[in-house]
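Listed here are the chains, written in short residue letters.
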Amino acid sequence: MSQITLLLEQAHDGDEAAWQQVVALLYDDLLRLARCANTSGRPNTLNATALVHECYLRIAAGGGEAGIGNRSHFLALAGRAMRQILVNHARDRMAAKRGGGAEHTTLDPNDLAADREAEELLGVESVLEHLGKEDERLVHIVDCRIFGGLTEVETAEALRMPLRSVQRLWARARERLQNLLAA
């Protein structure tokens, strides 16, 4: 058993310090995921540190330590949470763009780029919702692989699926995403 798995077991038993150690040990991984999930680096988008902190709050508020079994499972949940946070941020940005009671001003190129990025993210979210209606497992695979940054082996471990099934579903998810995004 890995150190993280042992700490998660201690956290399941109510050891708050163990949960904090898990988060500390995985912080760099979470930061890497946040940078990958939010690649623009533009000043008007949610930065990686803020994304990690929002992700932590979301996992902790959901009683995260009680249901997480290992590092891969933690990162899979973090990837899904980051996607949800980014989508909510994009929705808020687009709502503000459409009025939201704000005074209208001239937009600079960074604002325009951030708006385009928000629209693209909402488009991807729409495609993922459609994909989830076809097969929810495909969305879980995408969350793990793209938003969670997990390898195929880690994805299989996190989702408690055979590696070959993950490989097959990942290939199908990529194909379906390409078709849906091209439409």
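A quick note: this is a predicted structure, and the numbers were derived from the prediction, not measured. (Residues numbered from 1 in each chain as written. Predicted model: local features only at pLDDT ≥ 70, side-chain atom pairs only at ≥ 80, totals over all residues. Heavy atoms only, no water.)

J.: Explain the packing of aromatic side chains here, please?
T.: Pairs of aromatic rings are described using the distance from one ring centre to the other and the angle between the two planes. Under the defined criterion, the tally for this structure stands at 1 aromatic pair. With centroids separated by 5.8 Å and ring planes inclined at 55 degrees, the aromatic side chains of W19 and F74 adopt a geometry described as tilted. Separated by 55 residues along the polypeptide, W19 in helix α2 (residues 16-37) and F74 in helix α5 (residues 71-97) bring together distant segments of the chain. Positioned above the aromatic ring of F147 is the side chain of R83, whose terminal nitrogen or guanidinium carbon lies 6.0 Å from the ring centre. (Phe/Tyr/Trp six-rings, centres within 6.5 Å; stacked < 30°, edge-to-face > 60°. Helix = DSSP H or I, 4+ residues; strand = E, 2+ residues; numbered from the N terminus. Lys NZ or Arg CZ within 6 Å of the ring centre and 35° of its normal.)

J.: Looking at this structure, I do not really get α2. What am I missing?
T.: One full turn of an α-helix is made of 3.6 residues, so residues set three or four places apart face in the same direction. In α2, a bend of some 50 degrees at L26 exceeds every other bend along the element. Among the residues of α2, A18, W19, V22, V23, L26, D29, L30, L31, L33 and A34 are the ones counted as buried. The N-terminus of α2 is capped by D15, whose side-chain oxygen sits 3.0 Å from the backbone nitrogen of A17. (Bend = angle between axes of the 7 residues up to and from the residue. Buried < 20%, exposed > 50% of the residue type's maximum accessible area, 1.4 Å probe, protein only. Polar contact = N/O pair within 3.5 Å; in protein donor to acceptor, adjacent residues only side chain to side chain.)

J.: Explain the confidence of the model for the chain here, please?
T.: Any segment with low pLDDT has predicted coordinates that should not be analysed in fine detail. Of the residues in the chain, 84% reach a pLDDT of 70 or more, and the chain-wide mean stands at 83. By mean pLDDT, the top-scoring element of the chain is helix α9 (residues 163-182) (94), and the lowest-scoring one is helix α4 (residues 64-67) (67). (pLDDT = per-residue confidence, 0-100.)

J.: I would appreciate a short explanation of the packing of helix α8 (residues 152-159) against α9 in the present structure.
T.: How two helices sit against one another is set out by the angle between their axes and by the gap between those axes. Between α8 and α9, the least distance of the axes is 9 Å, while the angle of their chain directions is 110 degrees. Taken together, the axes of α8 and α9 are roughly perpendicular relative to one another. Our pair here, α8 against α9, has a crossing hand that is right-handed. Where α8 abuts α9, its residues E152, V153, T155 and A156 lie against L163, V166, Q167 and W170. In the contact of α8 with α9, the residues fall into 5 nonpolar, 2 polar and 1 charged. (Axes fitted to C-alpha atoms, helices over the stretch in contact; angles between N-to-C directions. Parallel < 35°, antiparallel > 145°, perpendicular 65-115°, else oblique. Left-handed = near helix turned anticlockwise from the far one by under 90°. Contact = heavy atoms within 4.5 Å. Nonpolar A, V, L, I, M, F, W, Y, C, P; charged D, E, K, R; others polar.)

J.: What is the right way to read the pattern of salt bridges from this model?
T.: When the charged atoms of two side chains with opposite charge come close together, those side chains can pair. Enumeration over the complete set of coordinates arrives at 11 salt bridges. Between R172 and D135 there is a salt bridge, with the nearest N and O atoms lying 3.6 Å from each other. Of this pair, R172 sits in helix α9 while D135 sits in the loop between α6 (109-134) and α7 (136-147), placing them 37 residues apart in sequence. Note on R172: relative accessible area 34%, which makes it partly exposed. (Salt bridge = Lys/Arg side-chain N within 4 Å of Asp/Glu carboxyl O.)

J.: Can you help me understand the environment of E154 in this one?
T.: Here E154 is to be found in helix α8. A sequence separation of 81 residues divides E154 from H73, and the C-alpha atoms of the two residues are 8.2 Å apart. In this view, E154 contacts R71, S72 and G149; residues no more than four positions away in its chain are not counted. Only 2.7 Å separates the side chain of E154 from the side chain of R71, close enough to count as a polar contact.

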